[in-house]
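Residues per chain are reported as follows:
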Amino acid sequence: VGVAGTMRFDHSIDVRQGSAGWNAVAGAINSKDEEASDVCFTVLAEDTPTSLGEGFVNLKKDLLATEQDLQLYELEILDDHNSLQGHLRVSIHALSAMRAMQAPQV
């Protein structure tokens, strides 16, 4: 039996040039390792630290390649056996900052 719920959670990071946030995001999107630019979301049980499942957004594929910020993007939440546990909607507004962080293509 599934339970639908709504929760609001906002989080932002400082991405001013030279900040730790800038360096982390710039390193991720300029890495040759595709998974380096994954932003992972873990859904936890209400009263325990037990993971119910995880989903992710890839900054390169889902923002830079589409040239759009994400607004209420629906993630599949999968458990350790890759079984669908539910969905999570996320919004990520980072495209303009990530464009400034991209290394020139050679």
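Refer to the structure presented above.
### Here's the deal with the overall build of the protein chain
Summing up its helical and strand segments, the protein chain has three helices and four strands in all. When its helices and strands are written in sequence order, the protein chain yields α-β-β-α-β-β-α. Counting only C-alpha atoms and orienting by the principal axes, one finds that the protein chain spans roughly 50 × 25 × 25 Å. Across the 106 residues that make up the protein chain, the buried fraction comes to 24%. Considering only contacts in the protein chain between residues 6 or more positions apart, those separated by 24 or more positions represent 37%. One finds the centroid of the 7 positive side-chain charges in the protein chain at a distance of 10 Å from the centroid of its 16 negative side-chain charges.

### As for the pairing of strand β2 (residues 51–58)
As paired elements, strand β1 (residues 38–44) and β2 share seven bridges and run antiparallel to each other. Across the sheet, Asp-38 pairs through a bridge with Asn-58, a residue of β2. Hairpin connection, β1 to β2: the antiparallel pair is bridged by six residues.

### Some thoughts on the environment of Gln-68
Note on placement: Gln-68 falls in the loop between α2 (59–64) and β3 (70–78). Spatially, the C-alpha atom of Gln-68 lies 9.2 Å from that of Ser-96, the residues being 28 residues apart in sequence. What Gln-68 contacts, discounting residues up to four positions off in sequence, is Asp-62, Leu-63 and Leu-95.

### With respect to unusual backbone geometry
Even without glycine at this site, Glu-67 takes up a positive phi of about 55°. On the secondary structure map, Glu-67 appears in the loop between α2 and β3. Phi at Asn-82 is positive, roughly 60°, even though this residue is not glycine. Positionally, Asn-82 belongs in the loop between β3 and β4 (84–92).

### Here's the deal with the side chain of Lys-60
Mapped onto the elements of the fold, Lys-60 is located in helix α2. Summary of buried charges: Lys-60 has no salt-bridge partner, and the nearest side chain of opposite charge, Glu-34, is 4.5 Å away. Of the polar contacts made by the side chain of Lys-60, one reaches the backbone oxygen of Ser-31; its length is 2.4 Å. For Lys-60, the contacting residues outside a window of four places in its chain are Ala-28, Ile-29, Ser-31, Asp-33, Glu-34, Ser-37 and Ala-65.

Rules behind the numbers
- In this numbering scheme, every chain counts its residues from 1 along its sequence in written order.
- Local features in this predicted model are restricted to residues whose pLDDT is 70 or higher, and side-chain atom pairs enter the listing and the counts only when it is 80 or higher, whereas totals over whole chains, interfaces and linings include all residues.
- Calculation of side-chain values draws on the structure's entire complement of heavy atoms; hydrogens and water are dropped beforehand.
- Helix and strand definitions follow DSSP, with helices as H or I runs of at least four residues and strands as E runs of at least two, each counted in order from the N terminus.
- Think of it in three bands: residues with accessible area under 20% of the maximum for their type are buried, residues over 50% are exposed, and the middle band is partly exposed, with areas taken using a 1.4 Å probe on protein chains only.
- When checking whether two residues touch, look at their non-hydrogen atoms; a contact exists if any pair is within 4.5 Å.
- Under the counting rule used here, the positive set is Lys and Arg, the negative set is Asp and Glu, and His together with the chain ends is not counted.
- To locate a charge, the coordinates of NZ of Lys, CZ of Arg, CG of Asp or CD of Glu are taken.
- Strands pair, by our definition, only if DSSP identifies at least two bridges between them.
- Salt bridges are defined as contacts in which a side-chain nitrogen from Lys or Arg sits within 4 Å of a carboxyl oxygen from Asp or Glu.
- Two N or O atoms form a polar contact when they lie within 3.5 Å of each other; inside protein one atom must be a possible hydrogen donor and the other a possible acceptor, and for residues adjacent in sequence the pair counts only when both atoms belong to side chains.

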